[in-house]
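Structure at a glance
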Amino acid sequence: MSFDATPFNAEQALTLARKTFEIEAAAVLGLAGRVGAEFAEAVKLMLACRGRVVVMGMGKSGHIGRKIAATLASTGTPALFVHPAEASHGDLGMITGLDVVLAISNSGESGELTAILPVLSRLGVPLVAITGGVQSALAKQARVTLDSSVAQEACPLNLAPTASTTAQLALGDALAVALLDARGFKEEDFARSHPGGALGRKLLTHVSDVMRSGDAVPQVRLATPFTGIMREMSAKGLGATAVVDDQQRVLGIFTDGDLRRLVEQGVDLRSSTAADVMHAQPRTVRADSLAVAAVALMEQYSITSVLVVDDAGVLCGALNTNDLMRAKVI
(Lines give C-alpha, C1' and ligand atoms only; values in the text may rest on other atoms or scores of the structure.)
Protein backbone atom coordinates (compact mmCIF):
# COMPACT_ATOMS: atom_id res chain seq x y z
CA MET A 1 0.00 0.00 0.00
CA SER A 2 1.40 3.39 -0.94
CA PHE A 3 0.36 6.94 -0.20
CA ASP A 4 1.22 10.26 -1.79
CA ALA A 5 4.16 11.43 0.30
CA THR A 6 4.16 15.01 1.53
CA PRO A 7 6.99 16.80 3.33
CA PHE A 8 6.73 16.49 7.10
CA ASN A 9 5.27 19.62 8.67
CA ALA A 10 6.02 19.77 12.40
CA GLU A 11 3.62 22.64 13.04
CA GLN A 12 0.81 20.78 11.29
CA ALA A 13 1.47 17.72 13.43
CA LEU A 14 1.27 19.79 16.60
CA THR A 15 -1.91 21.49 15.42
CA LEU A 16 -3.56 18.13 14.73
CA ALA A 17 -2.44 16.80 18.11
CA ARG A 18 -4.01 19.74 19.92
CA LYS A 19 -7.17 19.42 17.83
CA THR A 20 -7.36 15.71 18.68
CA PHE A 21 -7.19 16.49 22.38
CA GLU A 22 -9.92 19.11 22.03
CA ILE A 23 -12.26 16.83 20.08
CA GLU A 24 -11.78 13.83 22.37
CA ALA A 25 -12.12 15.95 25.52
CA ALA A 26 -15.38 17.35 24.17
CA ALA A 27 -16.58 13.82 23.42
CA VAL A 28 -15.95 12.74 27.01
CA LEU A 29 -17.46 15.87 28.53
CA GLY A 30 -20.53 15.38 26.37
CA LEU A 31 -21.19 12.07 28.13
CA ALA A 32 -21.76 13.81 31.45
CA GLY A 33 -24.97 15.41 30.26
CA ARG A 34 -26.30 12.07 29.03
CA VAL A 35 -25.64 10.02 32.15
CA GLY A 36 -28.90 9.33 33.92
CA ALA A 37 -31.34 6.58 34.80
CA GLU A 38 -30.06 4.27 32.05
CA PHE A 39 -26.54 4.39 33.48
CA ALA A 40 -27.82 3.69 37.00
CA GLU A 41 -29.83 0.74 35.66
CA ALA A 42 -26.72 -0.67 33.95
CA VAL A 43 -24.78 -0.47 37.21
CA LYS A 44 -27.68 -2.11 39.05
CA LEU A 45 -27.78 -5.00 36.55
CA MET A 46 -24.05 -5.63 36.83
CA LEU A 47 -24.10 -5.32 40.60
CA ALA A 48 -26.84 -7.96 40.83
CA CYS A 49 -25.10 -10.27 38.33
CA ARG A 50 -24.46 -13.72 39.85
CA GLY A 51 -22.16 -14.70 37.00
CA ARG A 52 -19.79 -12.50 35.06
CA VAL A 53 -20.01 -9.39 32.95
CA VAL A 54 -19.24 -10.62 29.42
CA VAL A 55 -17.88 -7.77 27.31
CA MET A 56 -18.15 -8.01 23.52
CA GLY A 57 -17.12 -5.80 20.63
CA MET A 58 -15.67 -5.94 17.11
CA GLY A 59 -12.65 -4.13 15.72
CA LYS A 60 -11.55 -1.08 17.69
CA SER A 61 -14.60 -1.45 19.93
CA GLY A 62 -13.32 -4.93 20.72
CA HIS A 63 -9.96 -3.55 21.83
CA ILE A 64 -11.78 -1.09 24.08
CA GLY A 65 -13.93 -3.97 25.35
CA ARG A 66 -10.87 -5.97 26.38
CA LYS A 67 -9.64 -3.06 28.44
CA ILE A 68 -13.05 -2.52 30.05
CA ALA A 69 -13.28 -6.22 30.95
CA ALA A 70 -9.81 -6.06 32.51
CA THR A 71 -10.70 -2.95 34.51
CA LEU A 72 -13.95 -4.49 35.78
CA ALA A 73 -12.19 -7.71 36.80
CA SER A 74 -9.45 -5.87 38.67
CA THR A 75 -11.93 -3.72 40.60
CA GLY A 76 -14.20 -6.40 42.00
CA THR A 77 -16.59 -7.22 39.13
CA PRO A 78 -15.87 -10.65 37.58
CA ALA A 79 -15.63 -10.07 33.83
CA LEU A 80 -14.22 -11.50 30.62
CA PHE A 81 -14.07 -10.56 26.96
CA VAL A 82 -15.67 -12.78 24.30
CA HIS A 83 -15.02 -12.02 20.64
CA PRO A 84 -18.38 -11.83 18.80
CA ALA A 85 -17.08 -13.67 15.70
CA GLU A 86 -15.70 -16.49 17.84
CA ALA A 87 -18.98 -16.55 19.77
CA SER A 88 -20.77 -17.63 16.59
CA HIS A 89 -18.41 -20.57 16.33
CA GLY A 90 -18.70 -22.06 19.79
CA ASP A 91 -17.60 -19.41 22.29
CA LEU A 92 -21.23 -18.60 23.09
CA GLY A 93 -20.93 -21.60 25.38
CA MET A 94 -18.89 -19.34 27.67
CA ILE A 95 -22.01 -17.27 28.38
CA THR A 96 -24.65 -18.46 30.83
CA GLY A 97 -28.01 -17.19 32.01
CA LEU A 98 -26.30 -15.89 35.15
CA ASP A 99 -24.20 -13.41 33.17
CA VAL A 100 -24.73 -9.88 31.91
CA VAL A 101 -23.48 -8.98 28.43
CA LEU A 102 -21.96 -5.56 27.80
CA ALA A 103 -21.90 -5.11 24.01
CA ILE A 104 -19.94 -2.25 22.44
CA SER A 105 -20.47 -0.96 18.90
CA ASN A 106 -20.26 2.59 17.63
CA SER A 107 -22.85 2.02 14.90
CA GLY A 108 -24.81 -0.66 16.74
CA GLU A 109 -25.10 -2.54 13.47
CA SER A 110 -22.02 -4.77 13.64
CA GLY A 111 -23.05 -7.97 11.88
CA GLU A 112 -21.08 -10.25 14.16
CA LEU A 113 -22.85 -8.77 17.18
CA THR A 114 -26.36 -8.63 15.80
CA ALA A 115 -26.08 -12.24 14.65
CA ILE A 116 -25.82 -13.52 18.20
CA LEU A 117 -28.41 -11.23 19.80
CA PRO A 118 -31.30 -13.72 19.31
CA VAL A 119 -29.29 -16.42 21.10
CA LEU A 120 -28.56 -14.11 24.01
CA SER A 121 -32.26 -13.28 24.16
CA ARG A 122 -33.20 -16.98 24.33
CA LEU A 123 -30.68 -17.47 27.13
CA GLY A 124 -32.36 -14.65 29.04
CA VAL A 125 -29.07 -12.80 29.38
CA PRO A 126 -29.51 -9.10 30.24
CA LEU A 127 -27.89 -6.98 27.52
CA VAL A 128 -26.30 -3.59 28.13
CA ALA A 129 -25.23 -1.71 25.00
CA ILE A 130 -22.66 1.04 24.64
CA THR A 131 -23.38 2.51 21.22
CA GLY A 132 -23.54 5.71 19.27
CA GLY A 133 -26.50 4.33 17.32
CA VAL A 134 -29.33 4.76 19.79
CA GLN A 135 -31.86 3.58 17.16
CA SER A 136 -29.71 0.69 15.97
CA ALA A 137 -30.45 -3.03 16.03
CA LEU A 138 -28.19 -3.41 19.06
CA ALA A 139 -29.91 -0.61 20.96
CA LYS A 140 -33.37 -2.05 20.21
CA GLN A 141 -32.38 -5.46 21.59
CA ALA A 142 -30.65 -4.08 24.70
CA ARG A 143 -32.30 -3.85 28.07
CA VAL A 144 -30.18 -0.77 28.76
CA THR A 145 -28.53 1.49 26.17
CA LEU A 146 -25.72 3.89 27.04
CA ASP A 147 -25.35 6.60 24.41
CA SER A 148 -21.70 6.95 23.36
CA SER A 149 -22.34 9.08 20.27
CA VAL A 150 -19.87 11.82 19.39
CA ALA A 151 -20.17 14.91 17.19
CA GLN A 152 -17.09 13.99 15.17
CA GLU A 153 -14.06 11.76 15.13
CA ALA A 154 -10.65 13.28 15.77
CA CYS A 155 -9.48 11.71 12.51
CA PRO A 156 -9.23 14.52 9.89
CA LEU A 157 -11.14 12.26 7.52
CA ASN A 158 -13.80 11.66 10.20
CA LEU A 159 -13.37 7.93 9.56
CA ALA A 160 -10.95 6.26 11.99
CA PRO A 161 -12.53 5.49 15.38
CA THR A 162 -10.89 7.99 17.72
CA ALA A 163 -13.28 10.19 19.69
CA SER A 164 -15.90 7.41 19.59
CA THR A 165 -13.57 4.83 21.15
CA THR A 166 -12.45 7.39 23.75
CA ALA A 167 -16.12 7.87 24.70
CA GLN A 168 -16.62 4.09 24.92
CA LEU A 169 -13.59 3.74 27.17
CA ALA A 170 -14.75 6.59 29.41
CA LEU A 171 -18.18 4.99 29.80
CA GLY A 172 -16.56 1.67 30.69
CA ASP A 173 -14.37 3.36 33.29
CA ALA A 174 -17.40 5.14 34.71
CA LEU A 175 -19.21 1.80 35.07
CA ALA A 176 -16.20 0.25 36.80
CA VAL A 177 -15.85 3.18 39.21
CA ALA A 178 -19.56 3.17 40.08
CA LEU A 179 -19.47 -0.59 40.63
CA LEU A 180 -16.40 -0.60 42.84
CA ASP A 181 -17.94 2.11 44.99
CA ALA A 182 -21.24 0.21 45.26
CA ARG A 183 -19.36 -2.95 46.27
CA GLY A 184 -17.39 -1.14 48.98
CA PHE A 185 -14.20 -2.11 47.12
CA LYS A 186 -11.11 -0.92 49.01
CA GLU A 187 -7.37 -0.58 48.46
CA GLU A 188 -6.79 -3.94 50.12
CA ASP A 189 -9.16 -5.61 47.66
CA PHE A 190 -7.37 -3.98 44.74
CA ALA A 191 -4.03 -5.17 46.10
CA ARG A 192 -5.24 -8.77 46.28
CA SER A 193 -5.84 -8.78 42.53
CA HIS A 194 -2.48 -7.06 41.90
CA PRO A 195 -0.05 -9.01 44.11
CA GLY A 196 2.82 -8.55 41.68
CA GLY A 197 2.60 -4.77 41.52
CA ALA A 198 3.98 -2.06 43.76
CA LEU A 199 0.58 -1.39 45.33
CA GLY A 200 0.13 -5.08 46.06
CA ARG A 201 3.44 -5.25 47.87
CA LYS A 202 2.60 -2.16 49.90
CA LEU A 203 -0.85 -3.27 50.91
CA LEU A 204 -0.26 -7.00 51.38
CA THR A 205 3.17 -7.00 53.05
CA HIS A 206 3.11 -7.05 56.84
CA VAL A 207 5.88 -6.22 59.26
CA SER A 208 6.13 -9.92 60.14
CA ASP A 209 6.96 -10.67 56.49
CA VAL A 210 10.08 -8.49 56.44
CA MET A 211 11.28 -8.15 60.03
CA ARG A 212 14.33 -9.79 61.50
CA SER A 213 13.53 -12.23 64.28
CA GLY A 214 15.16 -14.62 66.74
CA ASP A 215 18.95 -14.39 67.00
CA ALA A 216 19.04 -11.84 64.17
CA VAL A 217 17.55 -9.18 66.46
CA PRO A 218 20.21 -7.22 68.39
CA GLN A 219 19.43 -6.86 72.08
CA VAL A 220 21.28 -6.03 75.30
CA ARG A 221 20.41 -5.60 78.99
CA LEU A 222 20.52 -2.39 80.99
CA ALA A 223 23.84 -3.32 82.61
CA THR A 224 25.56 -4.27 79.34
CA PRO A 225 28.83 -2.26 79.06
CA PHE A 226 29.42 -0.05 76.06
CA THR A 227 31.85 -2.52 74.49
CA GLY A 228 29.14 -5.19 74.66
CA ILE A 229 26.68 -2.87 72.96
CA MET A 230 29.13 -2.28 70.10
CA ARG A 231 29.80 -5.99 69.67
CA GLU A 232 26.09 -6.75 69.48
CA MET A 233 25.40 -3.98 66.97
CA SER A 234 28.34 -4.97 64.78
CA ALA A 235 27.40 -8.65 64.84
CA LYS A 236 23.74 -8.10 63.88
CA GLY A 237 24.21 -5.28 61.38
CA LEU A 238 20.93 -3.48 62.06
CA GLY A 239 22.46 -0.15 62.94
CA ALA A 240 20.77 -0.28 66.34
CA THR A 241 20.12 -2.53 69.31
CA ALA A 242 17.16 -2.97 71.61
CA VAL A 243 17.61 -2.63 75.35
CA VAL A 244 15.37 -5.12 77.19
CA ASP A 245 14.68 -6.36 80.70
CA ASP A 246 14.77 -9.97 81.89
CA GLN A 247 11.26 -10.57 80.46
CA GLN A 248 12.35 -9.28 77.03
CA ARG A 249 10.23 -6.15 77.39
CA VAL A 250 11.63 -3.22 75.43
CA LEU A 251 13.05 -0.46 77.63
CA GLY A 252 14.97 1.51 75.04
CA ILE A 253 17.06 1.58 71.91
CA PHE A 254 20.58 2.64 71.01
CA THR A 255 21.43 3.51 67.39
CA ASP A 256 24.36 4.52 65.23
CA GLY A 257 22.94 8.03 65.31
CA ASP A 258 22.99 8.06 69.12
CA LEU A 259 26.64 6.99 69.01
CA ARG A 260 27.59 9.84 66.67
CA ARG A 261 25.83 12.40 68.84
CA LEU A 262 27.55 11.18 72.00
CA VAL A 263 30.97 11.24 70.33
CA GLU A 264 30.32 14.80 69.08
CA GLN A 265 29.44 15.80 72.66
CA GLY A 266 32.72 14.35 73.95
CA VAL A 267 31.07 11.83 76.30
CA ASP A 268 33.46 9.24 77.75
CA LEU A 269 31.76 6.03 76.70
CA ARG A 270 34.25 3.57 78.11
CA SER A 271 32.49 3.31 81.45
CA SER A 272 28.97 3.71 80.11
CA THR A 273 26.29 1.03 80.15
CA ALA A 274 23.19 0.58 78.03
CA ALA A 275 21.14 2.27 80.74
CA ASP A 276 23.33 5.38 80.39
CA VAL A 277 23.17 5.77 76.63
CA MET A 278 19.87 4.30 75.51
CA HIS A 279 16.94 6.29 74.16
CA ALA A 280 14.00 5.31 76.42
CA GLN A 281 10.48 4.58 75.14
CA PRO A 282 11.45 4.08 71.49
CA ARG A 283 9.03 4.00 68.58
CA THR A 284 7.74 0.48 67.97
CA VAL A 285 5.37 -1.36 65.64
CA ARG A 286 3.33 -4.55 65.83
CA ALA A 287 4.21 -7.62 63.79
CA ASP A 288 0.72 -7.69 62.26
CA SER A 289 0.95 -4.06 61.10
CA LEU A 290 1.34 -3.35 57.41
CA ALA A 291 4.94 -2.72 56.42
CA VAL A 292 3.89 0.68 55.05
CA ALA A 293 2.97 1.64 58.61
CA ALA A 294 6.59 1.08 59.60
CA VAL A 295 7.68 3.21 56.64
CA ALA A 296 5.35 6.01 57.73
CA LEU A 297 6.67 5.82 61.29
CA MET A 298 10.27 6.04 60.12
CA GLU A 299 9.51 8.99 57.86
CA GLN A 300 7.54 10.83 60.54
CA TYR A 301 10.31 10.60 63.15
CA SER A 302 13.32 10.55 60.79
CA ILE A 303 14.55 7.18 62.03
CA THR A 304 16.01 4.27 60.07
CA SER A 305 15.31 1.37 62.44
CA VAL A 306 12.25 0.30 64.40
CA LEU A 307 11.62 -2.42 66.96
CA VAL A 308 8.72 -4.84 66.71
CA VAL A 309 6.81 -5.73 69.89
CA ASP A 310 3.75 -7.69 70.95
CA ASP A 311 0.80 -6.48 73.05
CA ALA A 312 2.86 -6.76 76.24
CA GLY A 313 5.75 -4.76 74.83
CA VAL A 314 7.93 -7.87 74.47
CA LEU A 315 10.54 -7.69 71.72
CA CYS A 316 9.74 -10.00 68.82
CA GLY A 317 11.60 -8.45 65.90
CA ALA A 318 13.27 -5.46 64.30
CA LEU A 319 13.68 -3.94 60.87
CA ASN A 320 15.34 -1.04 59.11
CA THR A 321 14.96 0.80 55.83
CA ASN A 322 17.24 -1.68 54.05
CA ASP A 323 14.88 -4.53 54.96
CA LEU A 324 11.94 -2.57 53.55
CA MET A 325 13.82 -1.69 50.39
CA ARG A 326 14.74 -5.33 49.78
CA ALA A 327 11.06 -6.22 50.10
CA LYS A 328 10.30 -3.38 47.61
CA VAL A 329 7.92 -1.75 50.06
CA ILE A 330 9.89 1.48 49.56
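Placed above this text is the structure.
Residues numbered from 1 in each chain as written. Predicted model: local features only at pLDDT ≥ 70, side-chain atom pairs only at ≥ 80, totals over all residues. Heavy atoms only, no water.

1. Describing the pattern of salt bridges
This structure, assessed with the given rule, holds 11 salt bridges. Where D173 meets K67, a salt bridge forms, and the shortest distance between an N and an O atom there is 2.7 Å. Highlighted residues: D173 in helix α8 (residues 163-182) and K67 in helix α3 (residues 59-74), separated in sequence by 106 residues. Of the residues examined, K67 reaches a relative accessible area of 36% and is grouped as partly exposed. Close ionic contact of R326 with D323 constitutes a salt bridge, the shortest N to O distance being 2.4 Å. With R326 and D323 both in helix α16 (residues 321-326), this residue pair falls 3 residues apart, about one helical turn. Relative accessible area serves as the criterion here: at 6%, D323 is assigned to the buried category. (Salt bridge = Lys/Arg side-chain N within 4 Å of Asp/Glu carboxyl O. Helix = DSSP H or I, 4+ residues; strand = E, 2+ residues; numbered from the N terminus. Buried < 20%, exposed > 50% of the residue type's maximum accessible area, 1.4 Å probe, protein only.)

2. Brief notes about the sheet that holds strand β2 (residues 79-81)
Adjacent strands of a sheet form backbone hydrogen bonds with each other and so pair up, either parallel or antiparallel. One open sheet accounts for 5 strands, arranged β2-β1-β3-β4-β5; its pairing is parallel. Edge positions in the open sheet fall to β2 and β5 (144-147), since each of these has one partner strand only. On average, adjacent strands in this sheet sit at an angle of 20° to one another, irrespective of strand direction. Note: strand β4 (residues 127-131) against β5, 4 bridges, orientation parallel. Across the sheet, residue T131 finds its bridge partner in β5, namely D147. Along the sheet face, helix α2 (residues 37-48) touches β1 (53-57), β3 (100-105), β4 and β5 and points at about 130° away from the line of β5. Docked against the sheet, α8 engages β3, β4 and β5, running at close to 140° with respect to β4. (Pairing = 2+ DSSP bridges. Axes fitted to C-alpha atoms, helices over the stretch in contact; angles between N-to-C directions. Contact = heavy atoms within 4.5 Å.)

3. Side note on the layout of surface pockets
Estimated volume of the largest pocket: approximately 460 Å³. If you trace the largest pocket, you find 24 residues lining it, with T255, S302, I303, T304 and S305 closest to the centre. At the level of secondary structure, the elements contributing two or more residues to the lining of the largest pocket comprise β8 (250-255), α13 (256-264), β11 (305-309) and α16. Per-element tally for the lining of the largest pocket: the top contributor is α13, with 5 residues. A breakdown of the residues in the lining of the largest pocket according to their chemical character gives 8 nonpolar, 11 polar and 5 charged. What the second largest pocket holds in volume is close to 160 Å³. Only α3, β3 and α8 provide two or more residues apiece to the lining of the second largest pocket. No other element matches the 3 residues that α8 contributes to the lining of the second largest pocket. Along the lines of polarity and charge, the residues of the lining of the second largest pocket split into 4 nonpolar, 8 polar and 2 charged. (1 Å grid on protein atoms, 1.4 Å probe; cavity = no way out; pocket = protein on both sides within 12 Å on 5 of 7 lines; lining within 4 Å. Points joined across faces, edges and corners; volume = space filled by probe spheres on them. Nonpolar A, V, L, I, M, F, W, Y, C, P; charged D, E, K, R; others polar.)

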